[in-house]
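Fold and geometry: a report
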Amino acid sequence: GMVSAMTTIPVIGVPVKSRALNGLDSLLSIVQMPGGGQLGMMLAEALKKYDAYVIALDPNPLCSCKYVCDEIIVSEYNDLANLKKLADRVDVITYEFENVNAEALIYLNDNYNMPQGIRPLFDSQNRIREKENAIKNGLRPVEFYKILNEDDLLKGISKIGYPCVYKTTTLGYDGHGQVVLRSDKDLPLVSKYLGGEGILEKYLKYDYEASVILVRDNKEIVAFPPSYNIHKEGILDLSVAGFLDDSISEKLINKSKEFMNLCNYYGILAIEYFVKDGEIYFNEMAPRPHNSGHYTIEGCNISQYEELARFLLKRPLIEPKLISKTVMKNVLGEDLENKCPFGFWHDYYKKESRPKRKMGHITFTNTSLDDYNQKYKKYFI
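The following paragraphs examine the structure supplied in this document.

So, how was this worked out
- Numbering of residues begins from 1 in every chain and follows the order in which that chain's sequence is written.
- Note on the predicted model: pLDDT of at least 70 is required for a residue's local features to be given, and 80 or more for side-chain atom pairs to be given and counted; whole-chain, interface and lining totals, by contrast, use all residues.
- Excluding hydrogens and water, the side-chain values take into account all heavy atoms of the structure.
- Under the scheme used here, helices are H or I runs from DSSP no shorter than 4 residues and strands are E runs no shorter than 2 residues, and both carry numbers assigned from the N terminus.
- Here's how the labels work: a residue is buried when its accessible area is under 20% of the maximum for its type, exposed when over 50%, partly exposed in between, all with a 1.4 Å probe on protein chains only.
- By definition in these notes, contact holds between two residues if any of their heavy atoms fall within 4.5 Å.
- Reported accessibility uses the Shrake-Rupley method at a 1.4 Å probe radius. Residues are deemed covered only where the shown protein chains occlude them.
- Candidate patch residues must exceed 30% relative accessible area and have no salt bridge, after which like charges are joined if within 9 Å and Val, Leu, Ile, Met, Phe, Trp or Tyr side chains if within 5 Å.
- We define a salt bridge as a side-chain nitrogen of Lys or Arg found within 4 Å of a carboxyl oxygen belonging to Asp or Glu.
- Directions from the helix axis toward the C-beta atoms define the arc.
- All axes here are fitted lines through C-alpha atoms, helices being fitted over the stretch that makes contact, and every angle between N-to-C directions spans 0 to 180 degrees.
- Small angles under 35 degrees read as roughly parallel and large ones over 145 as roughly antiparallel, with 65 to 115 read as roughly perpendicular and the rest as oblique.
- Rotating anticlockwise by less than a right angle from the far helix to the near helix defines a left-handed crossing, while the corresponding clockwise rotation defines a right-handed one.
- Note on residue classes: Ala, Val, Leu, Ile, Met, Phe, Trp, Tyr, Cys and Pro are nonpolar, Asp, Glu, Lys and Arg are charged, and everything else, Gly too, is polar.
- By definition, disulfides here are pairs of cysteine sulfur atoms that lie within 2.5 Å.

1. Some points on the overall build of the protein
- Looking only at helices and strands, the protein features 11 helices and 17 strands.
- Every one of the 381 residues in the protein was classed for burial, and the buried ones make up 57%.
- Contacts in the protein between residues at least 24 apart in sequence constitute 64% of all its contacts with a sequence separation of at least 6.
- As displayed, the protein has an accessible area near 16000 Å², and 50% of this comes from carbon and sulfur atoms.

This is the structure we're talking about:
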């Protein structure tokens, strides 16, 4: 799934007394949900390159962003009074979402300058809406049916057959809210979700998963080299850049650009695909920086975060290029025991280490998947 636990919603804008920047002052305020912070932190790092003044609003005084930002406002992320206080000091607002309070976002979008708008967020927050939108705009998802009750479930299974996957339409991430059904024996696993809205989809035995990250302004769309993604227990383990053959990469980039144009989205968009026998199937999307794009910090001439920063600060986009084959490894709580002495280490400064919690990542440049397996994998098993 979209690999991001509860993350952050940055809101960007300008403090009254900040340094002028091309006539455009900037302030990054990050409204953050519990348990995240690294995406906002890395965006803040990129904005600091452009001399932006950065403020974070977060219920956790020790969130990842604290270590990069100029100021922290400790507040619940959906506290409208504090959001207004922050937004009144700003020029530009962006979000970095995971199941955000819609009212607060609509208010910010209607009353302040939010260049990404809320359309891509709306389209991606519900799996059925997301897949129907993909079909309408030229992408092909795996066969699926909407499920509201047991009757729908049985009808769907009779059409798709086993194995198939039941997913809740909202609030699923890192493998949560998903059940793989292999036979009638597995039906009871879905019963606790029935009554809510769900989706049943064919279990595609795909060859691999790939993702593309794009940024669009009013002049052009740029795309990062697609990554080959390997998951472990529903959480992204490795992203490998420079692995896919050119024809697949081109197909992924062209279809993604066409989709973003047809949807009329601006800002950043990450799209995950399944690849099977050279065909590409839409899996899901998110209008924010993405875990599979961390490799771009050292692996490309520009990172996904800096490209987004340029969009927000109205600077021309830069065509991303891969510098060398690159492997990004997610470091979870259980990996921390084994210190790997190689690669570029990114610490998310999380105070509490837990198994399956993303604590940081390591990027290995000039490294193929084979190189990684031979030289570095042993540090993480």
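2. Here we look at a nonpolar patch on the surface
- Taken together, the side chains of Leu62, Tyr67 and Tyr349 define a hydrophobic patch exposed on the protein surface, amounting to about 250 Å² of accessible area.
- Along the chain, the position of Tyr67 falls in the loop between strand E3 (53-58) and strand E4 (71-74).

3. Side note on helix H3 (residues 102-111)
- All of the buried residues along H3 are Ala104, Leu105 and Leu108. Buried positions in H3, seen along its axis, are confined to an arc of 95 degrees and lie on one side of it. Seen from the open side of H3, the exposed residues pointing more than 90 degrees away from its buried face are Glu103 and Asp110.

4. Digging into unusual backbone geometry
- Going from Tyr162 to Pro163, the amide bond is cis rather than trans, its omega being -10 degrees.
- Here Pro163 shows up in the loop between helix H6 (150-160) and strand E6 (164-168).
- Positive phi values are uncommon outside glycine, yet Asp51 reaches one of about 60 degrees.
- Mapped onto the elements, Asp51 comes out in the loop between helix H1 (38-49) and E3.
- Positive phi outside glycine occurs at Asp277, with the angle close to 50 degrees.

5. Brief notes about the packing of H1 against helix H10 (residues 304-312)
- Where H1 contacts H10, the axes come no closer than 8 Å and their chain directions differ by 60 degrees. Overall, the two elements H1 and H10 adopt an arrangement that is oblique. Crossing of H1 over H10 shows right-handed handedness. Two secondary-structure elements touch here, H1 through Leu39, Met42, Leu43, Ala46, Leu47 and Lys49 and H10 through Tyr305, Glu306, Leu308 and Ala309.
- A class-by-class count of the residues in the contact of H1 with H10 yields 8 nonpolar, no polar and 2 charged.

6. Things to note about the pattern of salt bridges
- Scanning the entire structure with this criterion turns up 13 salt bridges.
- Of the charged contacts, one joins Glu306 and Lys49 as a salt bridge, the two residues approaching to 2.9 Å between their closest N and O atoms. Within this pair, whereas Glu306 is found in helix H10, its partner Lys49 is found in helix H1, the two being separated by 257 residues in sequence.
- What makes Glu306 buried here is its relative accessible area of 13%.

7. Notes on the state of the cysteines
- Evaluation of the coordinates by the stated rule reveals 0 disulfides.
- Cysteine Cys65 shares no disulfide, and the gap to the nearest cysteine sulfur, in Cys69, comes to 4.8 Å.
- Assessed through its relative accessible area of 0%, Cys65 is described here as buried.

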